[in-house]
Amino acid sequence: MNTPLRILGIAGSLRRQSFNRAALRAAQQLAPQGSEIEIFELDGIPPYNQDEDANPPERVRLLKERARAADAILFVTPEYNYSIPGVLKNAIDWASRPYGDSAWTGKPVAVMGASVGRLGTARAQYHLRQCFVFLNMYPVNQPEVMISNAPQGFDEQGNLKDEKIKELIGKLLAALVAWTRQLEAGR
């Protein structure tokens, strides 16, 4: 039997009732056959400090280990002030340091996000995609999953109830799996 394709899912929010954490849990349930999503929580990652590159905190070491072990990455990001949340950027920075020892290099990646606004994290996703250039990650470009008016898409328990969004997430994950397999075949 083939080993399932491992996707590391990271939500860029620490809030317990975060729509993005809920969207990541929904993605975990919608993972295509032959793949699985492991969720890594960003709680406990301290602010990046270059002085600690040689001996990073345990939580950072674990993040880098899990990112390296994953076949692909799924970022689920809110949008704060037209950009990426600090907690997510901080985690990305830690896992990319020290220079030359990035856990992200060569990883296929997909991004999605949920917002209470009408643009559904579009600006944050585009900023995150800019980071992928330097990180040398290979993003899935389509479909884009930008969940707008998030409170209407989830129930009180945080379950995604919008069937169109579920379908779109399923397509994004299928594209990520196909892209990952394509990249692996070319290596």
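As the structure is a computational prediction, the values presented were derived from the model and not from experiment.

Conventions we followed
Every chain's residues receive numbers from 1 upward, in the order its sequence appears when written. In keeping with the predicted nature of the model, local features appear solely for residues at pLDDT of at least 70, side-chain atom pairs appear and are counted solely at 80 or more, and the whole-chain, interface and lining totals rest on all residues. Where side-chain values are given, they derive from all heavy atoms of the structure, hydrogens and water being excluded. Buried residues are those whose accessible area, probed at 1.4 Å on protein chains only, stays under 20% of the maximum for their type, while exposed residues exceed 50% and partly exposed ones sit between those limits. Note on conventions: DSSP H or I runs of at least 4 residues are helices, E runs of at least 2 residues are strands, and numbering of each starts at the N terminus. Only heavy atoms enter the contact rule, under which two residues are in contact if any of them lie within 4.5 Å. The rule is short: rings of Phe, Tyr and Trp, with Trp giving its six-membered ring, pair when the centres are within 6.5 Å, and they are stacked under 30 degrees, edge-to-face over 60, tilted in between. In this analysis the charged atom, NZ for Lys or CZ for Arg, is taken to sit over a ring once it is within 6 Å of the ring centre and within 35 degrees of the ring normal. Pairing between strands is defined by DSSP: at least two bridges between them are needed. A clockwise path from the first strand over the helix to the second, with the strands pointing away from the viewer, defines a right-handed crossover.

A. Looking closely at helix H3 (residues 86-95). For H3, the set of buried residues is Leu88, Asn90, Ala91, Ile92, Trp94 and Ala95. As for H3, its buried residues are in contact with strand S1 (5-11), helix H2 (58-69), strand S3 (72-76) and helix H4 (122-135).

B. Seen up close, unusual backbone geometry. A cis amide bond links Arg97 with the next residue in sequence, Pro98, at an omega value of -10°. Looking at where Pro98 falls in the secondary structure, it is placed in the loop between H3 and strand S4 (108-114). The omega angle of the peptide bond from Gln142 to Pro143 is 0°, so this bond is cis rather than trans. On the secondary structure map, Pro143 appears in the loop between strand S5 (138-139) and strand S6 (145-147). Although it is not a glycine, Tyr82 adopts a positive phi angle of roughly 70°. Position of Tyr82 relative to the elements: it lies in the loop between S3 and H3.

C. Quick peek at the packing of aromatic side chains. Scanning all chains against the criterion turns up five aromatic pairs. Centroid distance Tyr48 to Trp94: 5.0 Å. Interplanar angle 80°. Geometry classified as edge-to-face. Linking Tyr48 in the loop between strand S2 (35-40) and H2 with Trp94 in helix H3, this pair joins segments that are 46 residues apart in sequence. Look at Tyr48 and you get partly exposed, because its relative accessible area is 26%. A residue is classified by how much of its surface remains accessible, and Trp94, at 1% relative accessible area, is buried. Of note, Arg15 hangs over the ring of Phe19, and the distance from its end group to the ring centre comes to 5.7 Å.

D. Structural context of the pairing of S1. Within S1, six of the seven residues are buried, which leaves the element mostly enclosed by the surrounding structure. Bridge count for S1 against S2 is six bridges, and the pairing is parallel. From the neighbouring strand, Gly9 faces S2, where its bridge partner is Ile39. Each parallel crossover has a hand, and for S1 linked through helix H1 (residues 19-30) to S2 it is right-handed.

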